[in-house]
Amino acid sequence: MFKKILIANRGEIALRVIRACKELGIKTVAVHSTADANSLHVRFADQSVCIGPPKSSESYLNVPSIISAAEITDAEAIHPGYGFLAENPSFAEVCNSAGIKFIGPSPESIKLMGDKARARETAKKAGVPILPGSEGVMTEETDAIALARDLGFPVIIKAVAGGGGKGMRVVMDEAEFASAFMMAQSEALAAFGNADVYIEKYITQPRHIEIQIIADEKGNIVSLGERECSIQRRHQKLIEEAPSVIVDAALRKKMGDMAIALARTVKYRNAGTIEFLMDENRNFYFMEMNTRVQVEHPVTELVTGVDLVKEQIRVASGLPLSFTQDDIRIKGHSIECRVNAECPDKFIPSPGTITAFNPPGGPGVRVDTAAYTQYLIPPYYDSMIAKLIVYADTRDAAIMRMKRALDEFIIEGVKTTIPAHKKILDDPDFQQGNISTKFMERYYSPPS
Ligand code: MV4
């Protein structure tokens, strides 16, 4: 097992990794920008290194600074958390060549899944259902129109280098296809430096359901069930839960087996998530694979009893998974609300000083946060200030518990998304599990 790990991240996920390390008896090194000198991840780590000015590009994305920090502190491994360098294949590569273990998959796996057209082809090869669409990249407009006509409208044009909602265009009919195709290509070029796009049949009201897997370096791969992440706005998830109301044991097994098949095909190791779109008839289709630990990992931890971050560290050190597929039972229900420092209706960031902070507690409540009273939310990073996660025997009980916890959560000095969460939890459609990625459009009038 590693003796010392550097955490190349900030905020709640840096704390989450430090907690796992402490319980495993591993020393920790925090890195931070000058804006984060007073943050809790710096305080709770055994050592800390300032890696640059506030801007991410000069600190949390500064590969030479982070590698130097690991070298001067003798850290044997780096946990990247999520965001920042977590899905950067060059960073994983540089870690490996510096003799530092990157706690995550191989650079090749990251690169493959980062190319959404190649990921789609790989899923197909593994026998995972994909939506009807192009074979690889579409370059010629006439071919693209012919394919779209074949598929039937609506279709969606997606950037190969996109993902997470960036670089997509929905095309409702043939008349608007040609201009949408050209705009998708030029937007992709501007945003990612890569104009390549591919085409899929568009599902109008899908659910977003994702499967958590974890793989060790001996070829064992286990699926840890699904998370339902349909409650999102502008591709930012707001609420996640496990299990999904729509997934029964048979469907969970089928999706889990598909996720494992894909992971096996690419010799995947460490934690990963296979995202699916699901239609009204419970058909599911591969969307993307995320090659990192995700924000919403706690709901899976609570319904499986697996500590995903500890397990990531264990398998990265070469140890086998501490459980088998047969050990995994989905028990109870978990919901996570992402509490952002945002204007509740407009969802625009609201940075500033938190003047009062009282996180909820009591039975079945977990709060993952790096905030505290008098904490100054820097404007440079994302606006999430806490994840409020509840666990209960049933979904109904989890909803009641979440409402109770939201009532207890006092945050003063900045506007937060807590009122929006209360509204969603009171919604009859949400309560009945009648949700899709279009839920928030119905709920809040579309952005003007
Ligand atoms: C789709 C889709 C419908 N049909 N693909 C959005 C994020 C990116 N990963 C892909 N996305 C979508 N792809 C087909 N063929 C709808 C979306 C989508 C979406 C997916 C999951 C969660 C929220 C979403 C919001 C809008 C669109």
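Our next topic: the site of the ligand. Near the ligand, the surroundings consist of 17 residues, among which Lys158, Glu200, Lys201, Ile203 and Glu288 are the closest. Note that a nitrogen atom of the ligand is positioned 2.7 Å from one of the backbone N or O atoms of Lys201. Glu288 places a side-chain nitrogen or oxygen 2.6 Å from a nitrogen atom of the ligand. Burial of the ligand by the protein amounts to 92% of the accessible area it has alone, namely 520 Å². Secondary structure elements with two or more residues in the shell around the ligand: β6 (155-163), β8 (197-201) and β13 (284-290). A breakdown of the residues in the shell around the ligand according to their chemical character gives seven nonpolar, six polar and four charged.

So, on to the packing of helix α5 (residues 107-114) against helix α6 (residues 116-125). When two helices pack together, their arrangement is given by the angle between the helix axes and the distance between those axes. For the pair α5 and α6, the least separation of the axes is 5 Å and the interaxial angle reads 100°. The angle between the axes of α5 and α6 places the two elements in the roughly perpendicular class. Contact residues: Lys111, Leu112, Met113 and Gly114 in α5; Lys116, Arg118, Ala119 and Thr122 in α6. The residue makeup of the contact of α5 with α6, split by class, is three nonpolar, two polar and three charged.

Time to look at unusual backbone geometry. Cis rather than trans, the peptide bond between Phe153 and Pro154 has omega equal to 0°. Counting through the fold element by element, Pro154 comes out in the loop between α7 (141-151) and β6. Across the junction of Ala242 and Pro243, the peptide omega takes the value -5°, indicating a cis bond. The backbone phi angle of Phe84 is positive, close to 40°, even though this residue is not glycine. Assignment of secondary structure puts Phe84 in the loop between β4 (77-79) and α4 (89-97). Look at Asn270: it is not a glycine, yet its phi comes out positive at around 75°. Checked against the element boundaries, Asn270 lands in strand β12 (residues 270-278).

The sheet built from three strands is open, its strands ordered β7-β6-β8 with antiparallel pairing. The strands lining the two open edges of the sheet, one partner per strand, are β7 (166-171) and β8. Recorded for the sheet is a direction-independent mean angle of 25° between the axes of neighbouring strands. Relative to β8, β6 is paired through five bridges, and the arrangement is antiparallel. Counted as the bridge partner of Lys158 is Tyr198 from β8. Along the sheet, helix α8 (residues 177-192) contacts β6, β7 and β8; its crossing angle with β6, the most-contacted strand, is approximately 10°.

Take the environment of Ala86 next. By secondary structure assignment, the location of Ala86 is in the loop between β4 and α4. Separated by 298 residues in the primary sequence, Ala86 and Met384 place their C-alpha atoms 18 Å from one another. Residues contacting Ala86, with those up to four places away along its chain left out, are Pro80, Gly81, Phe102, Ile110, Thr291 and Arg292.

Taken as a whole and assessed by the stated rule, the structure comprises ten aromatic pairs. Pairwise contacts between aromatic rings join Tyr60, Phe84, Tyr380 and Tyr381 into one cluster. Over the aromatic face of Phe430 sits the side chain of Arg395, whose NZ or CZ is 4.7 Å from the ring centroid. Here Arg442 stacks its cationic end above the ring of Phe439, 4.9 Å away from the centre of that ring.

Attention now goes to α4. Structurally, the α-helix is built with 3.6 residues per turn, so residues lying three or four positions apart point the same way. Every buried residue of α4 is accounted for by Phe91, Ala92 and Cys95. All buried residues of α4 lie within an arc of 100° about the axis, which places them on one face of the element. Put simply, Asn88 is the residue that caps the front of α4, since its side-chain oxygen is 3.0 Å from the backbone nitrogen of Ser90. Following α4 by one or two positions, Gly99 has its phi on the positive side, about 75°.

Core analysis: the biggest nonpolar cluster contains 37 residues, and Ile231, Ile354, Phe409, Ile411, Ile424 and Phe430 have the highest contact counts within it. The set of elements that each furnish at least two residues to this core consists of β11 (236-242), β14 (333-340), β17 (365-369), β19 (384-392), α12 (395-408), α13 (418-425) and α15 (439-443). Leave out the neighbours within four places in its chain, and Phe430 touches Ile231, Ile239, Glu241, Arg395, Ile399, Ile424, Leu425, Ile435 and Phe439. Judged by nonpolar contacts, the second largest core, of 27 residues, contains Ile209, Ala215, Leu251 and Leu262.

The next thing to look at is the pattern of salt bridges. Per the counting criterion, the structure on display carries 33 salt bridges. The shortest N-O distance in the salt bridge between Glu210 and Arg227 comes to 2.8 Å. On the criterion of sequence distance, the pair formed by Glu210 in strand β9 (residues 207-215) and Arg227 in strand β10 (residues 221-233) is long-range, its members being 17 residues apart. For Arg227, a relative accessible area of 0% corresponds to the buried category. A salt bridge links Arg282 to Asp248; the shortest N-O distance between them is 3.7 Å. Of this pair, Arg282 sits in the loop between β12 and β13 while Asp248 sits in the loop between β11 and α9 (249-265); the two residues are 34 residues apart in sequence, bridging distant segments of the chain. Since its relative accessible area comes to 34%, Arg282 is described here as partly exposed. Each of Glu210, Arg227, Lys237, Glu240, Glu296 and Arg338 takes part in salt bridges that share partners, so that together they form one network.

Thresholds, definitions, all that
Residues numbered from 1 in each chain as written. Predicted model: local features only at pLDDT ≥ 70, side-chain atom pairs only at ≥ 80, totals over all residues. Heavy atoms only, no water. Near = heavy atom within 4 Å. Polar contact = N/O pair within 3.5 Å; in protein donor to acceptor, adjacent residues only side chain to side chain. Areas by Shrake-Rupley, 256 points an atom, 1.4 Å probe, with all protein chains shown as cover. Helix = DSSP H or I, 4+ residues; strand = E, 2+ residues; numbered from the N terminus. Nonpolar A, V, L, I, M, F, W, Y, C, P; charged D, E, K, R; others polar. Axes fitted to C-alpha atoms, helices over the stretch in contact; angles between N-to-C directions. Parallel < 35°, antiparallel > 145°, perpendicular 65-115°, else oblique. Contact = heavy atoms within 4.5 Å. Pairing = 2+ DSSP bridges. Phe/Tyr/Trp six-rings, centres within 6.5 Å; stacked < 30°, edge-to-face > 60°. Lys NZ or Arg CZ within 6 Å of the ring centre and 35° of its normal. Buried < 20%, exposed > 50% of the residue type's maximum accessible area, 1.4 Å probe, protein only. Arc of directions from axis to C-beta. Core = buried A, V, L, I, M, F, W, Y, C linked by side-chain atoms within 4.5 Å. Salt bridge = Lys/Arg side-chain N within 4 Å of Asp/Glu carboxyl O.

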